[in-house]
Amino acid sequence: MPDDRRSSAPFSAIVWFRDDLRLGDHPALTAAARAGTLTCLYLLDQDSAGLRAHGGASRWWLAQSLRALDANLRKLGQRLVLRRGKAADVIPSLAHECGATHVYWNRRYDRAGIAADEAVIAALKARGVTGGTFPGSLLVEPGKLLNKDGGPLRVFTPFWKRVLSLGDPRRPLPAPKRLPPPLDIASSHLEDWHLEPTMPDWAGGLRATWTPGEAAARQRLADFLDTIRGYADERDRPDRPSTSRLSPHLRFGEVSAGEVFHAARFAAEKGDAPSRDIEKYLSELGWREFSYHLLHHFPDLATKNLQPRFDAFPWRSDDAALKAWQRGQTGYPIVDAGMRELWHTGWMHNRVRMVVASFLIKHLLIDWRLGEQWFWDTLVDADPANNTASWQWVAGSGADAAPYFRIFNPILQGERFDPNGDYVRQWVPEIAALPDRFIHKPWMATPLELAEAKVTLGKTYPAPMVDHDLARKRALAAFDRIKG
Ligand code: FAD
């Protein structure tokens, strides 16, 4: 591309895509669509201080999502330019290379990301380039909602009421119908980033389960809203396909929270969906907002107990127990089913996430941060706000958290939310032939019943690694030490 093309454009822009890998409802892209030339950038930044690297499952998703975004851009005569390096170095030098006068992006909310963005803005300013940031990921910008003393709202219900009292979020922006032409500049090759596993290739389950990308996200949203009836009552059932499974699409911003919000409200207005189900669904999106609000006020959420008394909690160090939990070999079928679903698909049902997290923290007394890290590495929806806030919620160390003394009983949770054992049978096939009444407690079956189901405890399936009642007492005693 001749240089005159670069300099003659009245306004030449770069859009920096991050956790917003879509064309629809993308304020930064909409602003840049008026430019004379446009560079669409994704930067793999492993060099800015403190940025948390993607976990393994997220890396796989990211690769697919970048391909989908590039394909969508190409339909509009554009393309995705890939670069690698520290944002504050790469972006100003790319702006120079492109003759860009403006660099636009949608905001992120983790402390290291904010610091990296501020460094980019300063470096651009020094070169006379404008850095423009937009709200694109949340319904309400975090930090806007405070209690009457000017502090953060720490309880979900008043938080969500306040969000709803602000009125509906702005309507989603349509995807641009045309985009300015790209410049002929170099791009890294996605394959050189080695985001996808090769030896061994463990991503077969992810490929079989998911279709990343904006079109698939929108399709999933539409399909879900068609069948949302019953969501409020059934969303806790892991044996039913009752939730939207939009979390990885939201995590990577393939669809915006605002678009999901308006699509859900529209379904209710049309009379297609009961408002009870819609309001419940919107309040789940509300938990995502709440997590980001907490991350804004407590930037160390991933590593630091929100309630400092938990700093003195007597965590146990037990690598063998941690491994048994990670591999789904605890001897508690609902826990093992969840951990295996996670390993195979990169996702786990919310109710089961609560049960397995509670088991690690309270039955095994293992630090919630180790569980958070495992989820970070294995979830396709691993989210800097939702994952950390949820782990602290289960631990009891977070905001509006489950009280520490509420210890999930993995047998009763299984019997209540997977009453026929279908979920357990899918993920723990070695005990599938047990009668329903033992599917959540195989050790209660007689030797004859076990033999008939071809189950040998300790051999074909583990005996429970801790006794529930003893574990419960031990957890309460540990909690007593930090109470008061
Ligand atoms: P739906 O019920 O269809 O909900 C719609 C959307 O609302 C979800 O996609 C999600 O964006 C949001 N949402 C729903 N429940 C919650 C919640 N409790 N907290 C915050 N947002 C919520 N969610 C993540 O997106 N990423 C994570 O890394 C993550 N880690 C978790 C760790 C633990 C220990 C626990 C208990 C929960 C975690 N969650 C996380 C929250 C929740 O489990 C998932 O968002 C949900 O299971 C995703 O499935 P879905 O899209 O079908 O949910």
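Since the model is a prediction, treat every value here as computed from it, not as a measurement.

**Q** Mind laying out helix α3 (residues 56-75), listing which residues take part and the relevant values?
**A** Taking 1.5 Å per residue as the helical rise, α3 with its 20 residues ought to reach 28 Å, and the 30 Å between its terminal C-alpha atoms agrees with that figure. Counting buried residues along α3, 15 of its 20 residues qualify, which places the element largely inside the surrounding structure. A positive backbone phi angle near 80 degrees is found at G77, which sits one or two residues after α3.

**Q** Please give an account of the site of the ligand that cites residues and values.
**A** For the ligand, the set of nearby residues contains 27 residues, the closest of which are Y231, T243, S244, R245 and N350. S244 is positioned with one of its side-chain polar atoms (N or O) 2.6 Å from an oxygen atom of the ligand. For the ligand, the protein covers 96% of the area, taking 820 Å² as the surface of the free molecule. Where the shell around the ligand is concerned, the elements lending two or more residues are α10 (247-251), α12 (275-297), α15 (350-363) and α17 (386-395). Partitioned by chemical class, the residues of the shell around the ligand number 14 nonpolar, seven polar and six charged. In this structure, the shell around the ligand is formed jointly by two domains, domain 2 (138-169 + 212-297) and domain 3 (308-480), each of which donates at least three residues.

**Q** Requested: an account of the packing of aromatic side chains, with residues and values cited.
**A** Working definition: an aromatic ring pair is given by the centre-to-centre distance plus the angle between the planes. Here the structure, examined in full by the defined rule, presents 28 aromatic pairs. Summarising the aromatic geometry, the rings of F156 and W160 are spaced 6.4 Å apart at their centres and angled 10 degrees between planes, so their arrangement reads as stacked. Here F156 and its partner W160 are both found in helix α6 (residues 156-165), four residues apart, which amounts to about one turn of the helix. Here F156 matches W160 in class, with each residue buried. A ring pair is formed by Y231 and Y281, whose centres lie 5.4 Å apart and whose planes are at 85 degrees; its orientation type is edge-to-face. Taken together, the positions of Y231 in helix α9 (residues 231-234) and Y281 in helix α12 put the pair 50 residues apart, joining distant regions of the chain. Owing to a relative accessible area of 4%, Y281 belongs among the buried residues under this scheme. These aromatic residues form a ring-pair network of at least three members: F156, F159, W160, W287 and F290. If you follow R52 out to its NZ or CZ, it ends over the ring of W376, 4.0 Å from the centre.

**Q** Give me the sheet that holds strand β1 (residues 12-17): which residues, what numbers.
**A** Whether parallel or antiparallel, the strands of a sheet pair through hydrogen bonds between backbone atoms. Taken in spatial order, the five strands line up as β3-β2-β1-β4-β5 in an open sheet, and their pairing is parallel. Across the chains shown, the open sheet's two edge strands, defined by having one partner strand only, are β3 (80-84) and β5 (130-134). Averaged over neighbouring strand pairs, the angle between their axes works out to 30 degrees when direction is ignored. Two strands pair when backbone bridges link them, and β1 and strand β4 (residues 102-106) are joined in this way by three bridges, in the parallel orientation. Note on β4: the bridge partner recorded for I14 is V103. Each of β1, β2 (37-44) and β3 touches α3; the most contacted strand, β3, lies at about 140 degrees to it.

**Q** Explain the confidence of the model for the protein to me, and be specific about the residues and the numbers.
**A** Considering every residue of the protein, the mean pLDDT works out to 95; 98% of them sit at 70 or more. Every residue in residues 1-9 scores below 50 in pLDDT, and together they form 15 contacts with partners more than four places removed in sequence or on other chains.

**Q** Just give me the short version of the nonpolar core, but keep the residues and values in it.
**A** Of all hydrophobic cores here, the largest spans 53 residues; its most connected members are W325, V335 and F375. Taken together, the elements giving at least two residues each to this core come down to α13 (319-326), α14 (333-345), α15, α16 (368-378), α17, α19 (422-427) and α21 (468-480). For this core, the leading source of residues is α15, giving seven residues. Y231, A267, L285 and A385 belong to the second-largest nonpolar core, a separate cluster that totals 38 residues.

**Q** Talk me through the packing of α14 against α15; I want residue IDs and the actual numbers.
**A** In the contact formed by α14 and α15, the axes pass within 9 Å of each other and the chain directions differ by 110 degrees. With respect to α15, the axis of α14 lies roughly perpendicular. Considering the relative orientation of α14 and α15, their crossing is left-handed. Across from I334, V335, G338 and M339 in α14, the residues of α15 making contact are V352, V355, V356 and F359. Tallied by class, residues from the contact of α14 with α15 come to seven nonpolar, one polar and no charged.

**Q** Mind laying out the packing of α15 against α17, listing which residues take part and the relevant values?
**A** Closest axis-to-axis distance for the α15/α17 pair is 9 Å, and the angle between their directions is 60 degrees. The orientation of α15 with respect to α17, classified from their angle, is oblique. Handedness of the α15/α17 crossing: right-handed. Residues M354, A357, S358, L360, I361 and K362 of α15 form the contact with α17, whose own contacting residues are W391, W393, V394 and A395. Considering only residue class, the contact of α15 with α17 consists of eight nonpolar, one polar and one charged.

**Q** Just give me the short version of the pattern of salt bridges, but keep the residues and values in it.
**A** The final tally for this structure, using the stated rule, is 31 salt bridges. A salt bridge links R107 to E141, with the shortest nitrogen-to-oxygen separation between them at 2.8 Å. Note that R107 is positioned in the loop between β4 and α5 (111-126) and E141 in the loop between β5 and α6, a separation of 34 residues in sequence. The exposure class of E141 is buried, given its relative accessible area of 18%.

**Q** For the environment of S317, give the residues involved together with the corresponding values.
**A** Inspection of the secondary structure puts S317 in the loop between α12 and α13. Placed 48 residues apart in sequence, S317 and L365 show a C-alpha to C-alpha distance of 8.4 Å.

**Q** I'd like a rundown of the side chain of H262, residues and numbers included.
**A** With respect to the helices, strands and loops of the structure, H262 is situated in helix α11 (residues 257-269). Reaching out from H262, the side chain makes a polar contact with the backbone oxygen of R170 at a distance of 3.2 Å. What H262 contacts, discounting residues up to four positions off in sequence, is D168, P169, R170, R171 and P172.

The rules behind these values
Residues numbered from 1 in each chain as written. Predicted model: local features only at pLDDT ≥ 70, side-chain atom pairs only at ≥ 80, totals over all residues. Heavy atoms only, no water. Helix = DSSP H or I, 4+ residues; strand = E, 2+ residues; numbered from the N terminus. Expected span 1.5 Å × (residues − 1). Buried < 20%, exposed > 50% of the residue type's maximum accessible area, 1.4 Å probe, protein only. Near = heavy atom within 4 Å. Polar contact = N/O pair within 3.5 Å; in protein donor to acceptor, adjacent residues only side chain to side chain. Areas by Shrake-Rupley, 256 points an atom, 1.4 Å probe, with all protein chains shown as cover. Nonpolar A, V, L, I, M, F, W, Y, C, P; charged D, E, K, R; others polar. Domains from an automatic or database assignment. Phe/Tyr/Trp six-rings, centres within 6.5 Å; stacked < 30°, edge-to-face > 60°. Lys NZ or Arg CZ within 6 Å of the ring centre and 35° of its normal. Pairing = 2+ DSSP bridges. Axes fitted to C-alpha atoms, helices over the stretch in contact; angles between N-to-C directions. Contact = heavy atoms within 4.5 Å. pLDDT = per-residue confidence, 0-100. Core = buried A, V, L, I, M, F, W, Y, C linked by side-chain atoms within 4.5 Å. Parallel < 35°, antiparallel > 145°, perpendicular 65-115°, else oblique. Left-handed = near helix turned anticlockwise from the far one by under 90°. Salt bridge = Lys/Arg side-chain N within 4 Å of Asp/Glu carboxyl O.

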